[in-house]
Amino acid sequence: MKNSWVYKQIRGFFSRNFDVRQEKENEQETIESIKKVLNLKEQTFGFSFLRF
């Protein structure tokens, strides 16, 4: 009984602190956000350039 509690605690610790999948998802979201911002800035710059 006590061994299963220890096992669950250790497993919980590692899954919370070393979950690589969550980091990859967050990294991908950050990359997509940066791409959207850069694309918007390029479009705005192009529009501003054409106005002059």
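First, a word on what this report is: a plain description of the structure on this page.

**Comments concerning the overall build of the protein chain**
Moving on, step 1. For the protein chain, the count of helices and strands is two helices and zero strands.
Moving on, step 2. Counting the 52 residues in the protein chain, one finds 2% classified as buried.
Moving on, step 3. Working note: accessible area of the protein chain is about 5,600 Å², and carbon and sulfur atoms make up 61% of it.

**Some words on the packing of aromatic side chains**
Moving on, step 1. Summed over the entire model, instances satisfying the criterion amount to one aromatic pair.
Moving on, step 2. Measuring from ring centre to ring centre gives 5.3 Å for Phe13 and Phe14, while their planes differ by 80°; the resulting arrangement is edge-to-face.

**Section: a nonpolar patch on the surface**
Moving on, step 1. Together, Trp5, Val6, Ile10, Phe13, Phe14 and Phe18 line one region of the surface with nonpolar side chains, adding up to about 620 Å² of accessible area.
Moving on, step 2. Tracing the chain through its elements places Phe18 in the loop between helix H1 (2-17) and helix H2 (20-51).
Moving on, step 3. Its relative accessible area of 51% is what places Phe18 among the exposed residues.

What counts and what doesn't
Residues numbered from 1 in each chain as written. Predicted model: local features only at pLDDT ≥ 70, side-chain atom pairs only at ≥ 80, totals over all residues. Heavy atoms only, no water. Helix = DSSP H or I, 4+ residues; strand = E, 2+ residues; numbered from the N terminus. Buried < 20%, exposed > 50% of the residue type's maximum accessible area, 1.4 Å probe, protein only. Areas by Shrake-Rupley, 256 points an atom, 1.4 Å probe, with all protein chains shown as cover. Phe/Tyr/Trp six-rings, centres within 6.5 Å; stacked < 30°, edge-to-face > 60°. Patch = residues over 30% accessible without salt bridge, like charges linked within 9 Å, V, L, I, M, F, W, Y side chains within 5 Å. Salt bridge = Lys/Arg side-chain N within 4 Å of Asp/Glu carboxyl O.

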